[in-house]
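Chain residues, written in single-letter form:
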Amino acid sequence: MNPSEFAIASVQTLLDGLANGAWRASDLLEASLARIDALDRRGPTLRAMTHIAADEARAAAKASDARRARGGTIGPLEGIPVLVKDNMDVAGWPTSAGSRALAGIVAQCDADIVSRLRDAGAVLVGKTAMHELAAGITGASSLTGFARNPHALDRSPGGSSSGAAVAVAAGYAPIAIGSDTAGSVRIPAAFNHLYGLRATRGAVSIRGIVPLSPTQDMPGPLARHPDDVTLAYAVLAGVTAAPAAAPPRLKIGRLNAWFEYDTPAAAPIAAVADRALQHLAEAGHEAQPVVLEDLQAEVEAANVIAFEFAEALAADLARRPDSSIASLREIVDRGLQHPHLTAVFQNRAAHPGTDSAAYRAACKAQATLRARILNTLDEEGVDLLTYPTVRYPATELGGTQSGSNALLAPVTGLPAINLPVGSDTAGAGVGLELLARPGAEALLLSAARVWQRRAEPWAIPAGLRL
């Protein structure tokens, strides 16, 4: 298959071609490897990958082709190249979580979600770069530096699943699996013109993933097409993929305060998001204003990452016999972190933990905020809340990113999806987030399909055709 055709194809297109003999799984893998080779360390040097398992992937693709040829059991992702984030265990592969402090750790067994991907027939190609230990949203890593946004090479790709988003946008694979603790799937999805789903708390296993906050951590797929997100989510969660049916007329609550802007740079982002709502209204899905006073302060008070990070990381490192590092404090003391992470790691290494009164208050704040959001959905009679995923444009590469609205879903445990709704003035993406009631992933995915019918077809970023 031509690598440029591969770079825009949906999973269903690829599956159809596999079924009718137009190409083999081995052909798809070679297209994937060709794009990685041409774009990741050469050409524009996107720096999206930390590990490429070419020989293992070729063996897996060959086995998939053999299964299909003999009429064996075919999984829902049979023969499809898939990438996973570098904090996810794949047996025999390094698990560095974007940190040179963890370099040398090799996973002894697969994370639960990796086992599910293998069982579904996916061909695992490699691991993607990430913001170090998932502790930020710009992609800073002592292992790989900064991944580059393929739509605007001098702009941030977002994070912490930076490499996952860059890889999918650059056509390395149709699906990459990221993890999301404070927006780390949805923010890079927004900046890279992708769909990214965070599921309901507890819907997908986190076993075998280097933790940031066990309460808020959630793996999730990034893809160019919403049906691809649907297929990947079904595999990760062990559920049946929802049919591609049009949703009923959606009632959408526009969260007014998060469309407001306090700097001129934020105004175009709000305008792009509002134009998207106008397009949805033209399709019969109207938005109504929703007012929630002091919401940002409540969201921040409910964030438990700082309380859980150091403890959870130490427990994870203790189960890894080949780790030379025991704690976040040791990383800081030895100066192994990227310079952008020094202040954050110092703060979190000394932060009160899960036995503190402040942690118990934050957990209580999560429950209170979740109840408030659910009551608002009921009282306003809406199916979804919506707001820009990030209020400000993607920062310059290596800069500091502000304006995220993506923490609401993790602290409440509610599902949310990023819709790619336009571009900022530099060409990086703008995202519109939809948040729903618990267990309403199918509704979110249906809404994403509605948007896709209104959106421009996916195109390879300029200069990335092979």
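Above: the structure in question.
The structure contained in this document is the topic of the report that follows. (Residues numbered from 1 in each chain as written. Predicted model: local features only at pLDDT ≥ 70, side-chain atom pairs only at ≥ 80, totals over all residues. Heavy atoms only, no water.)

## A look at the overall build of the protein
Of regular secondary structure, the protein possesses 16 helices and 11 strands. Taken against the 2.2 N^0.38 rule, which gives 23 Å for 466 residues, the C-alpha radius of gyration of the protein at 21 Å falls within 12% of a compact globule. Reported as C-alpha extents along the three principal axes, the dimensions of the protein are approximately 60 × 55 × 40 Å. Taking all 466 residues of the protein together, 59% fall into the buried category. At a minimum sequence separation of 6, the contacts of the protein that also span at least 24 residues come to 75%. Only carbon and sulfur atoms are counted for the fraction: they give 52% of the accessible area of the protein, which is about 16,400 Å². Side chains of the protein give 41 positive and 46 negative charges; the mean places of these two sets differ by 3 Å. (Helix = DSSP H or I, 4+ residues; strand = E, 2+ residues; numbered from the N terminus. Rg over C-alpha atoms; globule rule 2.2 N^0.38 Å. Buried < 20%, exposed > 50% of the residue type's maximum accessible area, 1.4 Å probe, protein only. Contact = heavy atoms within 4.5 Å. Areas by Shrake-Rupley, 256 points an atom, 1.4 Å probe, with all protein chains shown as cover. Lys, Arg positive; Asp, Glu negative; His and termini not counted. Charge placed at Lys NZ, Arg CZ, Asp CG, Glu CD.)

## A closer look at the pairing of strand β5 (residues 195-198)
Taking every second residue as pointing to the same face, both faces of β5 are buried, with Tyr195 and Leu197 on one and Gly196 and Arg198 on the other. Taken together, the two bridges between β5 and strand β6 (residues 219-223) define a ladder with antiparallel strand orientation. The residue bridging Tyr195 from the neighbouring strand is Ala223, located in β6. Sheet analysis places β5 next to strand β10 (residues 416-423), joined by three bridges and oriented antiparallel. Of the residues in β10, the one forming a bridge with Leu197 is Ile417. (Pairing = 2+ DSSP bridges.)

## Brief notes about the packing of aromatic side chains
This structure, assessed with the given rule, holds three aromatic pairs. Between the aromatic rings of Trp258 and Tyr387, the centroid separation amounts to 5.1 Å while the plane-to-plane angle is 90 degrees, which identifies the pairing as edge-to-face. Taken together, the residues span a long stretch of sequence, with Trp258 in the loop between β7 (252-255) and α9 (267-282) and Tyr387 in strand β9 (residues 384-388) at a distance of 129 residues. Accessibility expressed as a relative area gives 5% for Trp258, which makes it buried. Residue Tyr387 is classed as buried on the basis of its relative accessible area of 0%. Sitting above the plane of the Phe259 ring, Arg254 keeps its charged end 4.0 Å from the centroid. Over the face of the ring belonging to Tyr392 we find Arg391, whose NZ or CZ atom lies 5.8 Å from the ring centre. (Phe/Tyr/Trp six-rings, centres within 6.5 Å; stacked < 30°, edge-to-face > 60°. Lys NZ or Arg CZ within 6 Å of the ring centre and 35° of its normal.)

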